[in-house]
Amino acid sequence: MPLWWRAGSGEQHVTTVEQETIPQPSFGEFLSAFLRIGLMSFGGPAAQIALMHRVCVDEKRWVSEDRFLHALNFCMLLPGPEAQQLATYIGWLTHGVRGGMVAGLLFVLPGLAVILGLSTLYAYYHDVGWVTGLFFGLKAAILAIVVEAVVRIGRRALKTRFHRLVALSAFLALFVFALPFPLVVLMAGFAGLAEARMVARDGSRHAADLVDPVPAASRPVGRSLATLATLAFWLIVWQAPLFPLWLLSGESGLGEIFAFFSRMALVTFGGAYAVLAYVAQVAVDQYHWLKPGEMLDGLALAETTPGPLVLVLSYVGFLAGFRDAGGLPPFLGGVLGGLLAAWATFVPSFVWIFAGAPYVERLRGNRMITAALSAITAAVVGVILNLAVWFALHVLFAEVGRWSIWPATAEVPAGAAPAFSVSLPLPDLATLDPAALVLALLSAVMIFLLKQGMGRTLMAAAALGLVYRLVM
């Protein structure tokens, strides 16, 4: 087996700071665990990260708490689906490139197969009512799972008053001020650096203790060249479909779909919700691939399938290929469009992890970097809390508006967006869904009080939701 295939595996990978050897499970056990994660990864990044934490840290103990959070911090800084990147990172830690590829693919493929199937039904029948009915209870259970993720990660990440302040600030920045997600993460990192320097300046810690530079011997030129080769290889893999697609359909049809989603892969910070507005604008207004309401239908489908929420982009790619197949049968064009969107979106995740993870692991010895990343982890707790509140409002209420505190709506010219605003979500209390509330509370009781596993909770809530919809 070539060394590039095994690089980063548990039997070889030892940190220079802690001399911590990564436990290496058998490949069969590893494969089984990530297949389970791929099939059960409902509920968006918060629930998916919580599931990986439970399996890889609490149950299997393959990865330590610090290393898991260190990897999560790195993945949160990257464009693309952070949960899939975290799965790839953990796979790389335990079984090298082979493990990273398997973990990353298993995290995506089950949901991709489901979303392509549902997109086919949607394209032919334009009716997803049975889907929302089938997964009505599932979405209520996901709400409880996201809340558990906030509690679980917050208990471990918010160790100091400073970290709790960062988490609160991140929540308010998103929930009230609607600041861009990358800006919130960047501000948290700078706050962590500033706090570490203040501690050193106060004499509580020697400044030299904050920086443990990586020894020069661990940064040979050969390693840098290998990283560049890895980066070049995966970039070629990422763009491999472009030339044959250009020959097949020129600058329109499937080639246009792939080019668009390749550009999107570089700016998808913050997950599906952050990129949804831009994709909807371009796909609806510029390319006319979808009608305005169909984008929200796609997000509803993606929310009820396993895997990253950015699988909604495969739904967009399917409808685009279905409606502009370039001479191919509509179904074949749709499937190719959905697969191309997934390829353009997810392959870059392997680029970032395989090229960047070796350096990130060596930076675990730099305490200034650790201080910045720990602040980012605290901000992530606020981000997940914001997601939990957002998700709760849209699961429990049929209509959720926005109360603009400043500036007033009348003060903003039509078609213009204020540079700074203060607003709060305002649900219509008359649209509360009592059944969704009851199912969410029952799911919370199963998770927090009865200590039931995620699988049992999801299956019980889905069954109750289906029965309710059939009866009502």
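Residue positions are given per chain, counted from 1 along the sequence in the order it is written. Thresholds applied to this predicted model are a pLDDT of at least 70 for local features of residues and 80 or more for the giving and counting of side-chain atom pairs; totals over whole chains, interfaces and linings are not thresholded and use all residues. Side-chain figures throughout are based on the complete set of non-hydrogen atoms in the structure, without hydrogens or water.

Enquirer: Just to check I follow, could you spell out the overall build of the protein chain for this structure?
Expert: Each helix and strand in the protein chain was counted, giving 19 helices and two strands. Burial statistics for the protein chain: of 472 residues in total, 52% are counted as buried. Once local pairs closer than 6 in sequence are excluded, the contacts in the protein chain between residues at least 24 apart make up 75%. Here the protein chain has roughly 21,300 Å² of accessible surface; of this, 68% comes from carbon and sulfur atoms. By definition, any uninterrupted DSSP run of H or I lasting at least four residues is a helix, any uninterrupted run of E lasting at least two residues is a strand, and each is numbered from the N terminus. Between buried and exposed lies partly exposed: a residue is buried under 20% and exposed over 50% of the maximum accessible area for its type, with that area taken using a 1.4 Å probe on protein chains only. We call two residues in contact when some of their heavy atoms are within 4.5 Å. Only the protein chains shown count as covering a residue, and every accessible area follows the Shrake-Rupley method with a 1.4 Å probe.

Enquirer: Whenever I open this one, the side chain of T431 confuses me. Can you help?
Expert: Within the secondary structure layout, T431 lies in the loop between β2 (422-427) and α18 (434-449). From its side chain, T431 meets the backbone nitrogen of E399 in a polar contact 3.3 Å long. For T431, the contacting residues outside a window of four places in its chain are L396, F397, A398 and E399. In protein, a polar contact requires one atom able to donate a hydrogen and another able to accept it; more generally it is a pair of N or O atoms within 3.5 Å, and residues adjacent in sequence count only if both atoms are side-chain atoms.

Enquirer: Got a minute to help me understand a nonpolar patch on the surface in this structure?
Expert: Only residues whose relative accessible area exceeds 30% and that form no salt bridge enter a patch; like-charged residues are grouped when within 9 Å of one another, and nonpolar side chains (Val, Leu, Ile, Met, Phe, Trp, Tyr) when within 5 Å. In what follows, salt bridge is the name for a side-chain nitrogen of Lys or Arg lying within 4 Å of a carboxyl oxygen of Asp or Glu. Residues L121, Y124, Y125 and F331 make up a contiguous nonpolar surface patch of about 440 Å² in total accessible area. In terms of residues, the nonpolar patch owes the most to one element, helix α5 (residues 82-125), which gives three residues. Position of Y124 among the secondary structure elements: in helix α5.

Enquirer: In this structure, what is going on with the nonpolar core? I would like to understand it.
Expert: For soluble globular proteins, nonpolar side chains are generally found buried alongside one another. Only buried residues count toward a nonpolar core, which is a set of Ala, Val, Leu, Ile, Met, Phe, Trp, Tyr and Cys residues joined through side-chain atoms within 4.5 Å. F34, Y89 and W289 are the most contacted members of the largest nonpolar core, which totals 131 residues. Setting aside residues up to four positions removed in sequence, W289 forms contacts with E256, I257, F260, F261, A283, V316, L319, A320 and R323.

Enquirer: How should the packing of aromatic side chains be read in this particular structure?
Expert: Between two aromatic rings, the relevant description is the distance of the centres plus the angle of the planes. Pairing of aromatic rings covers Phe, Tyr and Trp, the last through its six-membered ring, and needs centres within 6.5 Å; plane angles under 30 degrees mean stacked, over 60 mean edge-to-face, and all others mean tilted. Per the counting criterion, the structure on display carries 18 aromatic pairs. Judged by centre distance (5.0 Å) and plane angle (15°), the rings of F171 and F175 are stacked. Of this pair, F171 and F175 both sit in helix α8 (residues 161-175), separated by four residues, roughly a single helical turn. On the basis of relative accessibility, which here comes to 17%, the residue F175 falls in the buried class. Plain terms: the ring middles of F260 and F261 are 5.0 Å apart, the flat faces sit at 70° to each other, and that makes the pair edge-to-face. The class for F260 is buried, based on a relative accessible area of 2%. For F261, a relative accessible area of 0% gives the class buried. Taken together, the aromatic side chains of F27, F30, F34 and W62 make up a single cluster linked through ring pairs. Note on criteria: charge over ring means Lys NZ or Arg CZ within 6 Å of the ring centre, with the direction from the centre no more than 35 degrees off the ring normal. When the ring centre of F27 is taken as reference, the NZ or CZ atom of R98 above it lies at 4.0 Å.

Enquirer: How do you make sense of unusual backbone geometry when you look at a structure like this?
Expert: Excluding glycine, most residues fall at negative phi; most peptide bonds, likewise, are trans. With a phi angle near 55°, R61 is a residue other than glycine that sits in the positive phi range. For R61, a relative accessible area of 61% puts it in the exposed group. Backbone geometry places H288, a non-glycine residue, at a positive phi of 60°. For H288, the location among the structural elements is in the loop between α13 (271-286) and α14 (292-303). What makes H288 exposed here is its relative accessible area of 59%.

Enquirer: Explanation requested: the pattern of salt bridges in the structure shown.
Expert: In a structure, side chains of opposite charge can pair up when their charged atoms sit close to one another. Taken as a whole and assessed by the stated rule, the structure comprises three salt bridges. Between E148 and R54 there is a salt bridge; the shortest N-O distance is 2.5 Å. Of this pair, E148 sits in helix α7 (residues 136-157) while R54 sits in helix α3 (residues 44-59); the two residues are 94 residues apart in sequence, bridging distant segments of the chain. For the pair formed by E148 and R54, the shared burial category is buried.

Enquirer: Teacher, can you tell me more about helix α19 (residues 454-471) here?
Expert: Helical geometry note: an α-helix holds 3.6 residues per turn, so side chains three or four residues apart project in the same direction. End to end, α19 covers 26 Å across 18 residues, agreeing with the expected 26 Å (1.5 Å per residue, within 8%). Those residues of α19 not exposed but buried are M454, T457, L458, A461, A462 and G465. Down the axis of α19, the smallest arc covering the buried residues is 125°, so these residues share one side. Turned more than 90 degrees from where α19 packs its buried face, R456, M459, L470 and V471 sit exposed. Residue count minus one, scaled by 1.5 Å, sets the expected span of a helix. The arc in question is the one traced by the directions running from the helix axis out to the C-beta atoms.

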